[in-house]
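What follows is each chain in one-letter form.
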There are 2 protein chains.
Amino acid sequence: MDDEYNIDNFIEKFSKNCDNVQKKYFKKNQVITTYIQKRNQICILLQGEADLVRYDFNGLKSIIEHYAQNDVFGEAFYTVTVNNELSVEAKKNCEVLFFSYDNLYNECKEHCDFHKILMNDFSKIMVEKMKLVNTRIEILTKRTTREKILGYFDILSTRKFSKSFEIPFSLTDLADYLSVDRSAMMREIKYLKDEGIIEKDGNKFTILTD
Amino acid sequence: MDDEYNIDNFIEKFSKNCDNVQKKYFKKNQVITTYIQKRNQICILLQGEADLVRYDFNGLKSIIEHYAQNDVFGEAFYTVTVNNELSVEAKKNCEVLFFSYDNLYNECKEHCDFHKILMNDFSKIMVEKMKLVNTRIEILTKRTTREKILGYFDILSTRKFSKSFEIPFSLTDLADYLSVDRSAMMREIKYLKDEGIIEKDGNKFTILTD
DNA sequence: ATATGTCAGTTGCAAATGCAACAATATTAT
DNA sequence: ATAATATTGTTGCATTTGCAACTGACATAT
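Keep in mind the model is a prediction, meaning the values are calculated, not measured.

Caption draft 1: Focus on the environment of B:Arg182. Along the chain, the position of B:Arg182 falls in helix H5 (residues 182-194). In this structure, B:Arg182 is in contact with B:Thr172 and B:Ala175, ignoring residues within four places of it in sequence.

Caption draft 2: Quick look at the protein's contact with DNA strand C. Neighbouring DNA strand C are 19 residues; A:Thr172, A:Lys200, B:Thr145, B:Asp181 and B:Ser183 lie closest to it. For DNA strand C, the fraction of atoms within 4 Å of the protein that belong to sugar or phosphate moieties is 50%. At 2.8 Å from a phosphate oxygen of DNA strand C is found a side-chain nitrogen or oxygen belonging to A:Lys200. B:Ser183 places a polar side-chain atom, nitrogen or oxygen, 2.9 Å from a base nitrogen of DNA strand C. Every element with two or more residues in the surface near DNA strand C is listed here: helix H4 (171-178) and helix H5 (182-194) of chain A together with H5 of chain B. Looking at the surface near DNA strand C, the element that brings in the most residues is H5(A), giving five residues.

Caption draft 3: Up close: the side chain of B:Ser179. Relative to the assigned elements, B:Ser179 resides in the loop between helix H4 (171-178) and H5. Other than its neighbours up to four places away in sequence, B:Ser179 contacts A:Leu140, A:Thr141, A:Lys142, A:Arg143, B:Ser62, B:Leu140 and B:Lys148.

Caption draft 4: Structural detail: helix H3 (residues 145-160) of chain A. Residue and element names in this part refer to chain A. Taking 1.5 Å of rise per residue, the 16 residues of H3 would be expected to cover 22 Å, and the 23 Å separating its terminal C-alpha atoms lies within 8% of that figure. Those residues of H3 not exposed but buried are Glu 147, Lys 148, Ile 149, Gly 151, Tyr 152, Phe 153, Ile 155, Leu 156 and Ser 157. Count one or two residues on from H3 and you reach Phe 161, which has phi positive near 50°.

Caption draft 5: Region of interest: the sheet that holds strand S10 (residues 198-201) of chain A. All names here are of chain A. Taking strand neighbours across the sheet as the criterion, the three strands line up as S9-S11-S10 in an open arrangement whose pairing is antiparallel. In this open sheet, the two strands that pair with only one neighbour each are strand S9 (164-166) and S10. Each strand of the sheet is rotated relative to its neighbour by a mean of 20°, with strand direction disregarded. Pairing between S9 and strand S11 (residues 204-207): three bridges, direction antiparallel. Across the sheet, Ser 164 pairs through a bridge with Thr 206, a residue of S11. Relative to S10, H5 is tilted by about 120°, and along the sheet it contacts S10 and S11.

Caption draft 6: How the structure looks around the packing of H3(A) against H4(A). Residues and elements named next belong to chain A. Interaxial distance between H3 and H4 falls to 11 Å at its minimum, and their mutual angle equals 105°. Between H3 and H4, the angle is such that the two are roughly perpendicular. For the pair H3 and H4, the contacting residues are Lys 148, Ile 149, Tyr 152 and Phe 153 in the first and Leu 174, Tyr 177 and Leu 178 in the second. For the contact of H3 with H4, the residue count by class is six nonpolar, no polar and one charged.

Caption draft 7: A look at the pairing of strand S7 (residues 85-90) of chain B. Residues and elements named next belong to chain B. Extensive coverage of S7 is indicated by the burial of five of its six residues. Bridge analysis of strand S2 (residues 31-34) against S7 gives three bridges, and the strand direction is antiparallel. Within the sheet, the bridge partner assigned to Thr 34 lies in S7 and is Ser 87. Relative to S7, strand S4 (residues 50-55) runs antiparallel, the two sharing six bridges. Note that in S7 the partner of Ala 50 across the bridge is Ala 90.

Caption draft 8: Up close: the packing of aromatic side chains. Under the counting rule described, the total for this entry stands at 16 aromatic pairs over all chains. When the ring of B:Tyr152 is compared with that of B:Tyr177, the centres are 5.0 Å apart and the planes differ by 50°; the resulting orientation is tilted. With B:Tyr152 in helix H3 (residues 145-160) and B:Tyr177 in helix H4, this residue pair connects regions lying 25 residues apart in the sequence. Like B:Tyr152, the residue B:Tyr177 is buried in the burial classification. Taken together, A:Tyr152, A:Phe169 and A:Tyr177 form an aromatic cluster joined through their ring pairs. Positioned above the aromatic ring of A:Phe98, the side-chain terminus of A:Lys24 is 4.8 Å from the ring centre.

Caption draft 9: The arrangement of the protein's contact with DNA strand D in detail. Close contacts around DNA strand D come from 18 residues, with A:Thr145, A:Asp181, A:Ser183, B:Thr172 and B:Lys200 the closest. In DNA strand D, atoms within 4 Å of the protein come from the sugar-phosphate backbone in 50% of cases. Between a base nitrogen of DNA strand D and a side-chain N or O atom of A:Arg187, the distance comes to 3.0 Å. Backbone polar atom of B:Leu171 to a phosphate oxygen of DNA strand D: 3.1 Å apart, as the coordinates give it. Broken down by secondary-structure element, the contributors of at least two residues to the surface near DNA strand D are H5 of chain A together with H4 and H5 of chain B. The leading source of residues in the surface near DNA strand D is H5(B), at five residues. The residue inventory of the surface near DNA strand D, partitioned by class, reads four nonpolar, seven polar and seven charged.

Caption draft 10: Focus on the nonpolar core. A:Ile32, A:Phe73, A:Val96, B:Ile32, B:Phe73, B:Phe77 and B:Val96 are the most contacted members of the largest nonpolar core, which totals 69 residues. At eight residues, the largest contribution of residues to this core is made by helix H2 (residues 114-140) of chain B. Once residues lying within four places of it in the same chain are set aside, the contact partners of A:Phe73 are A:Ile32, A:Thr33, A:Tyr35, A:Gln41, A:Ile42, A:Cys43, A:Leu45, A:Tyr67, A:Val88, A:Val96 and A:Lys129.

Caption draft 11: Highlighting the sheet that holds strand S3 (residues 41-47) of chain B. All names here are of chain B. Ordered by their spatial adjacency, four strands build an open sheet running S1-S8-S3-S6, and the pairing between neighbours is antiparallel. Strands with a single pairing partner mark the edges of an open sheet, and in this sheet they are strand S1 (22-26) and strand S6 (72-73). In this structure, S3 lies alongside S6, joined through two bridges in antiparallel fashion. Bridge pairing in S6 links Ile 44 to Val 72.

Rules of the game
- Residues numbered from 1 in each chain as written.
- Chains lettered and ligands numbered in written order.
- Predicted model: local features only at pLDDT ≥ 70, side-chain atom pairs only at ≥ 80, totals over all residues.
- Heavy atoms only, no water.
- Helix = DSSP H or I, 4+ residues; strand = E, 2+ residues; numbered from the N terminus.
- Contact = heavy atoms within 4.5 Å.
- Near = heavy atom within 4 Å.
- Polar contact = N/O pair within 3.5 Å; in protein donor to acceptor, adjacent residues only side chain to side chain.
- Expected span 1.5 Å × (residues − 1).
- Buried < 20%, exposed > 50% of the residue type's maximum accessible area, 1.4 Å probe, protein only.
- Pairing = 2+ DSSP bridges.
- Axes fitted to C-alpha atoms, helices over the stretch in contact; angles between N-to-C directions.
- Parallel < 35°, antiparallel > 145°, perpendicular 65-115°, else oblique.
- Nonpolar A, V, L, I, M, F, W, Y, C, P; charged D, E, K, R; others polar.
- Phe/Tyr/Trp six-rings, centres within 6.5 Å; stacked < 30°, edge-to-face > 60°.
- Lys NZ or Arg CZ within 6 Å of the ring centre and 35° of its normal.
- Core = buried A, V, L, I, M, F, W, Y, C linked by side-chain atoms within 4.5 Å.

These figures come from the coordinates and say nothing about function on their own.
Spelled out as structure tokens, the structure:
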């Protein structure tokens, strides 16, 4: 991760108030935004944690993405269709920056430096985000629950440079993230434990194979 | 799609040769690039069709993405790991533009206009690409083969503004793209036909429900 | 302190899925 | 024209998965 772009500097520069940017606060479980209108909205999560979730016609929930500090999301990255109910839900108290992609290439009234910086930094942020999204696809294209679990664990392990790591959300949410049934996932985790492939202690897992 | 950024103008500007950009030609079935080294490579498919494929340890193939004219891909968008063998394979004869993301924000020796244009346009391209990738995630997070098929068909239908459409690859490849077993997919397609939900004529499908 | 709600962990059962194998057709190469 | 190759279509069978339902543990609110 050491060669990744650090968004912190970018956020720092936001502090000079730009008239096209809004900062809002959300309490845990509040809905931050819903992807229903085409308004090219882009958001940056300054503080807290949130999930992008979809509810299908059965009310079945899928966690599409999980956001932590400095993650970027927004309806601008989605083709909004009728059949999808996408929304971003705060999992903790959140501080969120909103702006429109439409304004990205227009200078604001104050002629602030913000847009120049934004244009320069935006594509770097995008490349980083693309990596995350592609990682997610890697996991989802695995055919079995077992492979999805191990695929995700491998990524967490690689990120931490350690065979032991914690999952960044509850097991219930992990099932949603891997897009599998929770009980089926629990069963598979049990099998993996029984076969000596992993160890589990609450939300902390250890990969035992070389 | 009418509000989408049109890459054609961008490609047009490439014609002024920039020393950091290479154009290469590939025959059908040739490997365009393999994601094994960290070199921040970005590619634009000027002509032809190609697939980003993964072969897992069993040799099982998954089509991660399908590229048509003007699509953008490259190892820069992936976190290269040991356990993944990713490569881009030409499905037809291809003409591909290669450049490195590292050079994106440095002027080239010739001080050509290319980089300025690239910087300005790149984030727009990225937003479009992000939409495609997120669409893919939408499909993959569906729990059943039926939902994946219908989800994908719905997208194709929406893109064409028509209940009838052709899939852009073979049924074999479609199964890989949806990340399901081919025979299971064929069976499900048969059920969908039997239930009067879809009609099939070769690679052309029609959605019969309102 | 007690109630309420969320999360982890299990299990039986039915349904969906993957696997293997094969035949029929279509496409491509020689 | 013919052979070789790829694709489509199908089926039986074993395995995996999802669903529903329930218990116990834990946390939070009143």
